[in-house]
Amino acid sequence: MNLLPKSSKEFGSVDYWEKFFQQRGKKAFEWYGTYLELCGVLHKYIKPREKVLVIGCGNSELSEQLYDVGYQDIVNIDISEVVIKQMKERNASRRPQMSFLKMDMTQMEFADASFQVVLDKGTLDAVLTDEEEKTLQQVDRMLAEVGRVLQVGGRYLCISLAQAHVLKKAVGHFSREGWMVRVHQVASSQDQVLEAEPRFSLPVFAFIMTKFRPGPGSALQIFELCAQEQGKPVRLESAERLAEAVRERQQYAWLCGQLYRKAGLGSVSLDLCDGDTGEPRYTLHVVDSPAVKPSRDNHFAIFIIPQGRETEWLFGMEEGRKQLAASAGFRRLITVALHRGQQYEGMDSIQAELSARVLELAPAGMPTQQQVPFLSVGGDIGVRTVQHQACSPLSGNYVVEDVQGDDKRYFRRLIFLSNRNVVQSEARLLKDVSHRAQKKRKKDRKKQRPTDTPEDLPAAPGQSIDKSYLCCEHHKAMIAGLALLRSPELLLETPLALLVVGLGGGSLPLFVHDHFPKSCIDAVEIDPSMLEVATQWFGFSQSDRMKVHIADGLDYITSLAGREVRPHYSVIMFDVDSKDPTLGMSCPPPAFVDQPFLQKVKSILTPEGVFILNLVCRDLGLKDSVLTGLKAVFPLLYVRRIEGEVNEILFCQLHPEQKLSTPELLEMAQALEQTLRKPGRGWDDTYILSEMLKTVKIV
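Our subject in this report is the structure included herewith. Keep in mind that what you see is a predicted model, and the values were worked out from it rather than measured.

Notes on the packing of helix H19 (residues 595–603) against helix H20 (residues 620–633)
- It is the contact of H19 with H20, at a shortest axis distance of 10 Å, that shows an interaxial angle of 40°. As judged from the angle between their axes, H19 and H20 are oblique. The crossing of H19 and H20 is right-handed. Contacts from Gln595, Leu598, Gln599 and Lys602 of H19 reach H20 at Gly629, Leu630, Ala632 and Val633.
- Classifying every residue of the contact of H19 with H20 gives four nonpolar, three polar and one charged.

Next up, the structure:
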């Protein structure tokens, strides 16, 4: 039996509803949920002694169930004579005080201000089937009548799917009248969330429009959203922002349904925001492992990423998360990253906060009432201390933060918030500073201080940074590339001119400066804020052998190449990121690898010198083009891929006859390392130069 209309326009037809209720008979038809699913929001906004008008009542049991729990002053109207007759017969003896009237809600016969609540369950949605002029005029008459029959302080409580055109019309109409507008999401039961074929693909909302007394001048507009039944309403600045917030919740509900019914949707991520501020609090990534054989206990788990470690390959990259999920052995693993700027009390409080929400993302087949395990590294949430935050006109918002690594050592990082999962610069802190920081944190916890606020630790950058340690793998590879120079074992005694474009925290030029005593370094940085950061927080300082030039690297090199007497560098290093996230290459900006510019780079490189470039390019076609362009200018080109990262280090030289075989290259790297390892030079024992060059390939 076809009970639903062939066209949504039929929802506005009297004939359709007469036929509908004749065919359906006395069986109740519940739009958008039963009384049990709606009672939380209904009881919140309707008082038992208030006079309630239900418009478009149909044969729903909602009025009857409200009556039975004490709401007995209820009047029901509907345009269908058939259904009004049915409902009168059904309730005459059991609910004598409740009335049912055949009436057109666009022309109601009640006196002004007759009711304190007008209740609408799906009626506005049924009437507002499109945005044609005739339909909109009918809805205007309906809403005007709702406003007329309500008392000041009364409420129009409309249960709706909040489709965009319905929300726009309802919110626009009542906000212009100076009413307070609140949209309240109706919490779905777990059974409804997990239905194989849900009744509706959108979540259900309640519009609560509260009638205010008209005041002089322009009407005050109030827009609020209440995301959960007991949640605190959030005030929003405009109708557009309210519509956007509703749309976000609809998309989330759709995503939950898709994740329940299907596995392996690809890369799925979402933010969970603080209900009061709207700021992101958790970032979730859903990772399915179809190859894992299902058992009772391996359906679903949550992995809390320790603070500060979300940038690591295992947690920050899709391939890393897949590896993590496979090793954890669950069919679905959700990784949870904790946001800086938010306060977290510990694993137990995070688990309590997330438990209900993450269950909405569970896969099909998970046994009812099964406990979902929360996993982490070492069972804690890690440590993150924001030391400094500011905004640069060129780089945008950035933070300097100290985080604890998996070896309990502390690291200082520079993060651009426009790309918060990428570490721009990193340095290891000396152990004594790490220990003081840890003691201070314990003391502050006793004072109930947030763990994610700037700490008053002594900056003392020259003393707190371990300058012998290179954190970044691509920096280690770039330093290893110095073995391509002739007689690397003599480099410590040989004058060495370097040009480094891209300062960041300064660890790369600083390492060269401290380990190669005859080196002279020109560092070029476009953003003066980065020089301040490097100096204050990363132990960087200029000297007579190391100067920083605040300039665009393109302009600086163009200027050098245009001189009558050009300087010549033994080593030129590019470690500069692009500020445009839409490009397929984030390092360097494409202009740095244009052929005319590469010719200028060539003109200031010594014949036996090496041009070292950090390349980060996800577009394979673009990468091939870059390599082809480089090889046209620098015929000898080595490539070293950084394991677990997108970075590739390119070593470019001018003369193909200088080509070294892998054994020769490793031998030269070992010779350089032996020189650097001499007593008193502060060499990091874990850094083996030859290891960095084992996988180098010639293009």
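Topic: the packing of helix H15 (residues 473–480) against helix H16 (residues 507–515)
- Contact geometry for H15 and H16: axes closest at 10 Å, N-to-C directions at 40°. Comparing the axis directions of H15 and H16 gives the class oblique. Taken as a pair, H15 and H16 cross one another with a handedness that is right-handed. Here His475, Met478 and Ile479 of H15 come into contact with H16, specifically with Ser507, Leu508, Phe511 and Val512.
- Looking at the contact of H15 with H16 residue by residue, the classes come out as five nonpolar, two polar and no charged.

A few points about the sheet that holds strand E6 (residues 180–185)
- Here nine strands make up an open sheet; going across it, the order is E3-E2-E1-E4-E5-E7-E6-E8-E9 and the pairing mixed. Both outer strands of the open sheet, strand E3 (99–102) and strand E9 (234–236), are each paired with one neighbouring strand and no more. Going across the sheet, the axis of each strand differs from the next one's by a mean of 20°, ignoring polarity.
- The sheet contact formed by strand E5 (residues 150–160) and strand E7 (residues 205–210) spans six bridges and is antiparallel. In the sheet register, Cys158 faces E7, and the bridge partner there is Phe207.
- Strand contacts of helix H9 (residues 239–261): E6, E7, strand E8 (222–226) and E9, with the helix running at about 15° to E8, the strand carrying the most contacts.

Some words on the nonpolar core
- Judged by nonpolar contacts, the single largest core of 49 residues is most densely connected at Phe516, Val571, Met573, Phe651, Tyr687, Leu689 and Leu693.
- Element by element, the count of residues in this core is highest for helix H21 (residues 662–676), at six residues.
- Setting aside residues no more than four positions away along its own chain, Met573 makes contact with Met478, Leu482, Leu498, Leu499, Val500, Val501, Leu508 and Ile612.
- Val149, Ala170, Met209 and Val246 belong to the second-largest nonpolar core, a separate cluster that totals 40 residues.

Here's the deal with the side chain of Ser519
- Take Ser519: it is sitting in strand E20 (residues 519–525).
- Setting aside anything within four residues of it in sequence, one finds Ser519 in contact with Leu496, Leu498, Val512, His513 and Arg545.

Considerations on the sheet that holds strand E14 (residues 374–376)
- As summarised here, the arrangement of the five strands in space is E10-E11-E13-E12-E14, forming an open sheet in which the pairing is mixed. Looking at which strands have only one partner, the edges of the open sheet turn out to be strand E10 (268–273) and E14. Going from strand to strand, the sheet's axes swing by 25° on average, the running direction of each strand aside.
- Pairing between strand E12 (residues 300–305) and E14: three bridges, direction parallel. Looking at the pairing, Ile302 lines up with Phe374 of E14.
- With respect to the sheet, helix H12 (residues 347–359) is in contact with E10, strand E11 (280–288), E12, strand E13 (332–338) and E14, its orientation differing from that of E12 by roughly 135°.

Conventions used here
- Residues numbered from 1 in each chain as written.
- Predicted model: local features only at pLDDT ≥ 70, side-chain atom pairs only at ≥ 80, totals over all residues.
- Heavy atoms only, no water.
- Axes fitted to C-alpha atoms, helices over the stretch in contact; angles between N-to-C directions.
- Helix = DSSP H or I, 4+ residues; strand = E, 2+ residues; numbered from the N terminus.
- Parallel < 35°, antiparallel > 145°, perpendicular 65-115°, else oblique.
- Left-handed = near helix turned anticlockwise from the far one by under 90°.
- Contact = heavy atoms within 4.5 Å.
- Nonpolar A, V, L, I, M, F, W, Y, C, P; charged D, E, K, R; others polar.
- Pairing = 2+ DSSP bridges.
- Core = buried A, V, L, I, M, F, W, Y, C linked by side-chain atoms within 4.5 Å.
- Buried < 20%, exposed > 50% of the residue type's maximum accessible area, 1.4 Å probe, protein only.

On their own, these measurements won't tell you what the molecule is for.
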